[in-house]
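Given next are the chains, with one letter for each unit.
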Amino acid sequence: MAAVLVLAAGAARAGVEVTDDFGERVVLQRPARRVIALTGAATETLCGMGLSGLLAARTDADREPAEVAKLPSIGTHMRPNLELVLAQKPDLVVQIAGRGESLEAAAAIRRLGIAVAVFDVRDFEGLFSMAGRLGALTGEPEAAARFVDGLRQRLDRVAEMVAGADKRPTVFVELRYPNLLAAGKDSMAADAVARAGGRLVPEASSRVARIGEEELVRIDPDVYVVEQGPMNPAPTALAERPHFTGLTAVAAGRTAVFTGRRLSRPGPEGVAGVEDLARLLFPERCAAAGGRP
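None of the values given here were measured: they were computed from a predicted structure.

Asker: How would you sum up unusual backbone geometry? Please name residues and give values.
Answerer: Here Glu64 and Pro65 are connected by a cis peptide whose omega angle stands at -5°. For Pro65, the location among the structural elements is in the loop between β5 (55-57) and α2 (82-87). Cis geometry marks the peptide bond from Tyr177 to Pro178; its omega dihedral reads -5°. Here Pro178 lies in the loop between β8 (170-176) and β9 (181-183). Residues other than glycine seldom take positive phi values, yet Asp220 does so here, at roughly 45°. In this structure, Asp220 sits in the loop between α7 (213-219) and β12 (223-228). Under the relative-accessibility criterion, Asp220 is labelled partly exposed at 26%.

Asker: Which residues make up the environment of Ala289, and what are the values?
Answerer: Assignment of secondary structure puts Ala289 in the segment after α10 (283-288). Taking the relative accessible area as the measure of exposure, Ala289 reaches 42% and is therefore partly exposed. On a C-alpha basis, the gap between Ala289 and Glu160 in space is 9.9 Å, while along the polypeptide they are 129 residues apart.

Asker: Tell me about the environment of Ala189, residues and numbers included.
Answerer: Mapped onto the secondary structure, Ala189 falls in helix α6 (residues 188-195). Along the primary structure Ala189 and Gly270 are separated by 81 residues, whereas in three dimensions their C-alpha atoms are 8.4 Å apart. Those residues in contact with Ala189, other than ones at most four positions away along the chain, are Val173, Ala183, Leu263 and Ser264.

Asker: Residues and numbers for helix α4 (residues 124-137), please.
Answerer: If you check α4, its first and last C-alpha atoms are 20 Å apart, about what 14 residues at 1.5 Å a residue would give, namely 20 Å. In terms of burial, α4 is largely enclosed, as 13 of its 14 residues are buried. Residue Asp123 occupies the N-cap position of α4, its side-chain oxygen lying 3.4 Å from the main-chain nitrogen of Glu125. Positive phi appears at Gly139, one or two residues downstream of α4, with a value of about 70°.

Asker: Before we move on, can you summarise the packing of helix α5 (residues 141-162) against helix α9 (residues 269-281) with the specific residues and values?
Answerer: Two packed helices can be described by the angle between their axes and the distance between those axes. At a minimum axis distance of 10 Å, the contact between α5 and α9 shows a crossing angle of 15°. Regarding the angle of α5 to α9, the classification is roughly parallel. Here α5 runs over α9; the crossing is left-handed. For the pair α5 and α9, contact is made by Leu151, Arg154, Leu155, Val158, Met161 and Val162 and by Val271, Ala272, Val274, Glu275 and Ala278, respectively.

Asker: Could you give an account of the packing of aromatic side chains, with specific residues and numbers?
Answerer: Per the counting criterion, the structure on display carries three aromatic pairs. When the ring of Phe172 is compared with that of Tyr224, the centres are 5.0 Å apart and the planes differ by 35°; the resulting orientation is tilted. Taken as a pair, Phe172 in strand β8 and Tyr224 in strand β12 lie far apart in primary sequence, 52 residues in all. Comparing Phe172 with Tyr224 shows no difference in burial state: the two are buried. Judged by centre distance (5.5 Å) and plane angle (75°), the ring pair of Tyr177 and Phe244 falls under edge-to-face. With Tyr177 in the loop between β8 and β9 and Phe244 in the loop between β12 and α8 (248-252), this residue pair connects regions lying 67 residues apart in the sequence. Exposure remark for Phe244: the relative accessible area of 1% places this residue in the buried category. Taken together, the aromatic side chains of Phe172, Tyr177, Tyr224 and Phe244 make up a single cluster linked through ring pairs.

Asker: Would you mind going over helix α1 (residues 40-48) in detail, with residue names and values included?
Answerer: Given 3.6 residues to a turn, an α-helix orients residues that are three or four positions apart in the same direction. The buried count for α1 comes to eight of nine residues, which makes it a mostly enclosed element. Gly40, Ala41, Ala42, Thr43, Glu44, Thr45, Leu46 and Cys47 are the residues of α1 that are buried. Tucked into the core, α1 has its buried residues touching β4 (35-37), β5, β6 (92-96), α4, α5 and α9. In the segment just after α1, Gly50 is the residue with positive phi, at about 80°.

Asker: Break down the environment of Gly126 for me, citing the residues and quoting the values.
Answerer: As for its placement among the helices and strands, Gly126 is situated in helix α4. Accessibility expressed as a relative area gives 14% for Gly126, which makes it buried.

Asker: Which residues make up the side chain of Asp20, and what values do they have?
Answerer: As for its position among the elements, Asp20 is in the loop between β2 (16-19) and β3 (25-28). Relative accessible area serves as the criterion here: at 4%, Asp20 is assigned to the buried category. Looking at Asp20, its side chain comes within polar contact range of the main-chain nitrogen of Glu24, at 2.9 Å. When residues no more than four places from it in sequence are discounted, the contact partners of Asp20 are Val26, Arg110, Val116, Ala117, Val118 and Arg133.

Rules used throughout
Residues numbered from 1 in each chain as written. Predicted model: local features only at pLDDT ≥ 70, side-chain atom pairs only at ≥ 80, totals over all residues. Heavy atoms only, no water. Helix = DSSP H or I, 4+ residues; strand = E, 2+ residues; numbered from the N terminus. Buried < 20%, exposed > 50% of the residue type's maximum accessible area, 1.4 Å probe, protein only. Contact = heavy atoms within 4.5 Å. Expected span 1.5 Å × (residues − 1). Polar contact = N/O pair within 3.5 Å; in protein donor to acceptor, adjacent residues only side chain to side chain. Axes fitted to C-alpha atoms, helices over the stretch in contact; angles between N-to-C directions. Parallel < 35°, antiparallel > 145°, perpendicular 65-115°, else oblique. Left-handed = near helix turned anticlockwise from the far one by under 90°. Phe/Tyr/Trp six-rings, centres within 6.5 Å; stacked < 30°, edge-to-face > 60°.

Right, here's the structure in full:
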């Protein structure tokens, strides 16, 4: 986690400084009271910390949690309308890095004289680091600590449940079909699979792996997870795909459809995704634990 420097005493009056994941110093004369989060994961993190009242606006795509839907929209996370951003008079804008456009949007807002913090969250430790720094920037470090501690406890319960398992099932996470794309090991989904006791395949070093159906048949994962999201809005059922019915996971019924919020999105819903994955991978252990990790 990057260092957090409190520049003066008294949380309500203090100036704060943190360093974001791209080495940018984010300096505020006082804790942020009007925040625009340009991604759903950052919005969910702030809401999970109990700070939804600080949110001044949302993006077109962000309508959850429910309290966010009534906020004014400032456009998309990669192409926010700069005039609408300025109109909300934010003292902090939060971005999570993705494609290059997301960084360009952050830079454009920073040029307007607005403080911007950009986070590169690829695993749960990155999420917890972001939460800690958001707690500092909003003058709510205790809220951040409670939020992180609660999520860690849930992940620890999963770890206890899957500890000592004889096998780590292989898990394939589909991000798009057709023109098949899978989650790579440098992704939030990979960390979720590992924490649930599985082993992600293929072992591509990137966040996203392009894979042919012949290679998928060769890998033949134990478990097949379809992620439903913007890249895969209406995935065809696996049983209706001619080359998939012979896969071990499909034949054994070890498949599931997850929303992107519970796998690839680097937010608190990912912990629920880990719990769901653990139930899918280790149903007997889950039953022995009382039906939940």
